[in-house]
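The chain contents come next:
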Amino acid sequence: MQSTAYERLVAHLKRAHYLGTVAGLLGWDEQVNLPPDSADQRAEQLALLAELQHAAAADPAIGELLRELDSVAAVDQAVVVREARRDYERVVKLPASFVAEKARHASAAYHAWAAAKQADDFSAFAPFLQKHLDLARQEAAFLGWGDRPYDYAIDKHDPGLTAAKLTALFDELKAGLVPLVRSIAASPARPPAGVLQKFPVEAQRDFLREVTEKLGFNYRRGRIDVSLHPFCEGAGADIRMTTRFDADNPLDSLFSSIHETGHGLYEQGLPLAAQGTPLGQNAGMGVHESQSRLWENQVSRSRAFWRFFEPRFREKFPAQLAGVSSDELYLAVNEVAPTLIRVDSDEVHYNLHILLRFEVERRLFAGELAVAELPATWNALSQELLGLTPTSDRTGVLQDVHWSGGAFGYFPSYCLGNMIAAQLWFTVRSQYPELDSDFAAGDFSRLLGWLRTQIHEQGRRYEALELVRRVTGEELTPKYLLRYLHERYAPLYLG
Ligand code: ZN
């Protein structure tokens, strides 16, 4: 039987997609299982796959089929053709030699960053960062965004967003957030220090498995392992999450696992039948981060969640929790204290860490800031926003891995995700006031079902801002995030 042009297009898209999933799996394996002296071989394998995937995604046959499919009538097919065209037009504008050069530089820059961080010396990383910036500008120029390279970097992660739109949202968020942070800092309420000690890793593993399964993660289509930095990788029927364990910080492994579970639930909820096409893909990093944040923060830091899980937590760790009251435990779950390190930050301060990075990236791309001036600017902004000045590059400008891979425009997605999560949270609670009693009974299916139909099953049908507008009936606004933070933290810290 003769296949249609649409079917042939989908077959091509799937080919590129599955090559990407193989690369993802090798990347996961690199961080979870790789023997120490096998890194060079893995880099070669990944470079080869990147080349094959680029060739598959830039196959001229896709271009011909897209021209043939100029006016498909079916709604879903039209979405696939529209988004496939967007991807294709981008991928063919990048010369293969540029893609290879960028990949090679990312690998070299990653190792340079790790060494510079170890040595606490930004100047050793600076030339690599400069080259990443030059490459990012070149890439934007190839794509026709030469006059707006930072907007292009943002649009790559969150289609439709621009620096100007983010500035408006972030300014409003900052105006509401800074006074809240200041009043919490002045509050005498503090969780008792060092009460969560000596939690055996095996029992931590059992507990987080129970929690993430209850939230709805399907372990028949995914797994969780250990890596240095937690992440979630994979697509469709195979989702790989990771966590890390610290016997004296059991809440870190629990909440990072829940965070990754939020990403995993999104990926598991994308329509499997559309896998490999844009309808089976996520709607950008901001939306992705909204899913991880909603489960991590709005759901799992709530009283209702702990009403169900606290007895189970105590059952797993009777001796460790014997001297800890329920109120103390709940305060430890919702501890607010400034820190220099973004990944250790509580959710109140977290957005300030992102505003700092957004401001630095904006100035770098605008040419208002030279790479050599970065540490001083970083430290000044840290003092202004967090009230803390880094005493080293390691705890300041070198702390994050993102720039070593050339991932500019990625940080704003975290803050965007926090805003989207809070806005979704108020919407779903107005539709289902009984969610708290669901959670207290250990039932998260109503929330997950809502997220499935409203967000997950939509794939890439809508860009983030339109998706938010459709689901919540309102433009994206920081006011729900501010309202959520006040409602959660004022009773704990402001009496
Ligand atoms: Zn995340």
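Conventions adopted
Residues numbered from 1 in each chain as written. Predicted model: local features only at pLDDT ≥ 70, side-chain atom pairs only at ≥ 80, totals over all residues. Heavy atoms only, no water. Phe/Tyr/Trp six-rings, centres within 6.5 Å; stacked < 30°, edge-to-face > 60°. Buried < 20%, exposed > 50% of the residue type's maximum accessible area, 1.4 Å probe, protein only. Donors = N, O, S within 2.8 Å, 3.2 Å for Na, K, Ca; no water. Tetrahedral: all angles 85-135°; square planar, octahedral: opposite > 155°, others 65-115°. Helix = DSSP H or I, 4+ residues; strand = E, 2+ residues; numbered from the N terminus. Salt bridge = Lys/Arg side-chain N within 4 Å of Asp/Glu carboxyl O. Polar contact = N/O pair within 3.5 Å; in protein donor to acceptor, adjacent residues only side chain to side chain. Domains from an automatic or database assignment. Contact = heavy atoms within 4.5 Å. Buried area = accessible area lost by both parts, 1.4 Å probe. Axes fitted to C-alpha atoms, helices over the stretch in contact; angles between N-to-C directions. Parallel < 35°, antiparallel > 145°, perpendicular 65-115°, else oblique. Left-handed = near helix turned anticlockwise from the far one by under 90°. Nonpolar A, V, L, I, M, F, W, Y, C, P; charged D, E, K, R; others polar. Core = buried A, V, L, I, M, F, W, Y, C linked by side-chain atoms within 4.5 Å. Pairing = 2+ DSSP bridges. Expected span 1.5 Å × (residues − 1).

## Section: the packing of aromatic side chains
Part 1: All told, the structure shown has 28 aromatic pairs when counted by the stated rule.
Part 2: Between phenylalanine 305 and tryptophan 306 the ring centres are 5.5 Å apart and the planes differ by 65°, which places this aromatic pair in the edge-to-face class. This pair shows no difference in class: phenylalanine 305 is buried, exactly as tryptophan 306 is.
Part 3: Site record: aromatic cluster; members linked through ring pairs are Phe199, Phe207, Phe305, Trp306, Phe308, Phe309, Phe313, Phe317, Trp425, Phe439 and Phe444.

## Concerning the coordination of the zinc ion
Part 1: Around the zinc ion, the protein contributes the donor atoms His259 (NE2), His263 (NE2), Glu289 (OE) and Glu289 (OE), at 2.1 to 2.6 Å from the metal centre.
Part 2: One can describe the donor arrangement at the zinc ion as irregular, given that its four donor atoms subtend angles of 50 to 126° at the metal.
Part 3: In terms of primary sequence, the donors binding the zinc ion are separated according to H-x3-H-x25-E. Within this pair, histidine 259 and its partner histidine 263 are both found in helix H10 (residues 250-269), separated by four residues, close to a single helical turn.
Part 4: Relative accessible area serves as the criterion here: at 10%, histidine 259 is assigned to the buried category.

## Some points on the pattern of salt bridges
Part 1: Going through the model one piece at a time under the given rule, you end up with 36 salt bridges.
Part 2: The partner of glutamate 289 in a salt bridge is arginine 293, and the shortest N-O contact between them spans 3.5 Å. One end of the pair is glutamate 289 and the other is arginine 293, both in helix H11 (residues 285-299) and four residues apart, which spans about a single turn.
Part 3: Taking relative accessible area as the criterion, glutamate 289 reaches 3% and is therefore assigned buried.

## Brief notes about the side chain of histidine 353
Part 1: As for its position among the elements, histidine 353 is in helix H15 (residues 347-366).
Part 2: A distance of 3.2 Å separates a polar atom in the side chain of histidine 353 from the backbone oxygen of threonine 339.

## A look at the domain arrangement of the protein chain
Part 1: When its domains are assigned, the protein chain resolves into domain 1 (5-121) and domain 2 (163-196 + 203-215 + 260-493).
Part 2: Here the C-alpha centroids of domain 1 and domain 2 sit 28 Å apart.
Part 3: Contact residues are listed per partner, giving 23 residues for domain 1 and 18 residues for domain 2.
Part 4: Here domain 1 and domain 2 share an interface that buries about 1,800 Å² over both sides, 53% of which is from carbon and sulfur atoms.
Part 5: Counting the surface domain 1 buries against domain 2, the share from its top three residues, Trp113, Lys117 and Asp120, is 30%.
Part 6: On inspection of domain 1 and its partner domain 2, the count reaches three salt bridges.
Part 7: Across the pair aspartate 87 and arginine 460 runs a salt bridge whose closest N-O atoms are separated by 3.0 Å.
Part 8: Where domain 1 packs against domain 2, one counts 13 residue pairs in polar contact (both at pLDDT 80 or more).

## Details of the packing of helix H1 (residues 5-32) against helix H2 (residues 39-57)
Part 1: Taken N-terminus to C-terminus, the directions of H1 and H2 make an angle of 165°; their axes are 9 Å apart at the nearest point. It follows from the interaxial angle that H1 and H2 lie roughly antiparallel. Read as a crossing pair, H1 and H2 show a hand that is left-handed. Side by side, H1 and H2 meet where Arg15, Ala16, Leu19, Gly20, Val22, Ala23, Leu26, Gly27, Asp29 and Glu30 of the first sit next to Arg42, Gln45, Leu46, Leu49, Leu52, Gln53, Ala56 and Ala57 of the second.
Part 2: For the contact of H1 with H2, the class distribution of residues is 10 nonpolar, four polar and four charged.

## Overview of the nonpolar core
Part 1: Core analysis: the largest hydrophobic core is formed by 120 residues, its most contacted members being Trp295 and Trp306.
Part 2: The biggest single contributor to this core is helix H17 (residues 411-431), with 12 residues.
Part 3: There are two domains that each give this core at least three residues, and those are domain 1 (5-121) and domain 2 (163-196 + 203-215 + 260-493).
Part 4: Setting aside anything within four residues of it in sequence, one finds tryptophan 295 in contact with Leu215, Ile258, Gly262, Leu265, Ser300, Phe444, Leu447, Leu448 and Leu451.

## Things to note about the sheet that holds strand S3 (residues 238-243)
Part 1: The three strands are arranged S1-S3-S2 in an open sheet whose pairing can be described as mixed. This sheet does not close on itself; its edge strands, each paired only once, are strand S1 (222-226) and strand S2 (232-235). Neighbouring strand axes in the sheet, compared pairwise and without regard to direction, differ in orientation by 15° on average.
Part 2: Of the strand pairs in this sheet, S1 and S3 are connected by five bridges, and their pairing is parallel.

## Considering the environment of aspartate 134
Part 1: Mapped onto the fold, aspartate 134 is located in helix H6 (residues 122-142).
Part 2: The spacing of aspartate 134 and serine 300 is 166 residues in sequence and 42 Å in space, taken between C-alpha atoms.

## Side note on helix H8 (residues 163-185)
Part 1: End to end, H8 covers 30 Å across 23 residues, agreeing with the expected 33 Å (1.5 Å per residue, within 8%).
Part 2: Taken together, the buried positions of H8 are Ala163, Leu166, Leu169, Phe170, Leu173, Leu177, Val178, Leu180, Val181 and Ile184.
Part 3: Buried residues along H8 sit against helix H7 (149-157), H15, H17 and helix H21 (479-493).

## Some points on helix H5 (residues 96-119)
Part 1: Helix length check: H5, at 24 residues, gives a terminal C-alpha distance of 35 Å against a target of 34 Å (1.5 Å per residue), a fit within 8%.
Part 2: Residues Phe98, His105, Ala109, Ala112, Trp113 and Ala116 constitute the buried set of H5.
Part 3: Aspartate 120 sits one or two residues past H5 and shows a positive phi near 60°.

## Concerning the pairing of S3
Part 1: Buried residues dominate S3, accounting for five of its six residues.
Part 2: With four bridges connecting them, S2 and S3 associate as antiparallel partners. Bridge pairing links alanine 235 to aspartate 238 in S3.
Part 3: Remark: two residues form the turn of the hairpin made by S2 and S3, two consecutive strands paired antiparallel; glycine 236 in that turn has positive phi of roughly 60°.

## Side note on the packing of H11 against H17
Part 1: The interhelical angle for the contact between H11 and H17, taken along N-to-C directions, is 60°, at an axis separation of 7 Å. When the axes of H11 and H17 are compared, the pair comes out oblique. When the axes of H11 and H17 are compared, the crossing they make is right-handed. Here Met285, Gly286, Val287, Glu289, Ser290, Gln291, Arg293, Leu294, Gln298 and Val299 of H11 come into contact with H17, specifically with Ser413, Tyr414, Leu416, Gly417, Asn418, Ile420, Ala421, Ala422, Leu424 and Trp425.

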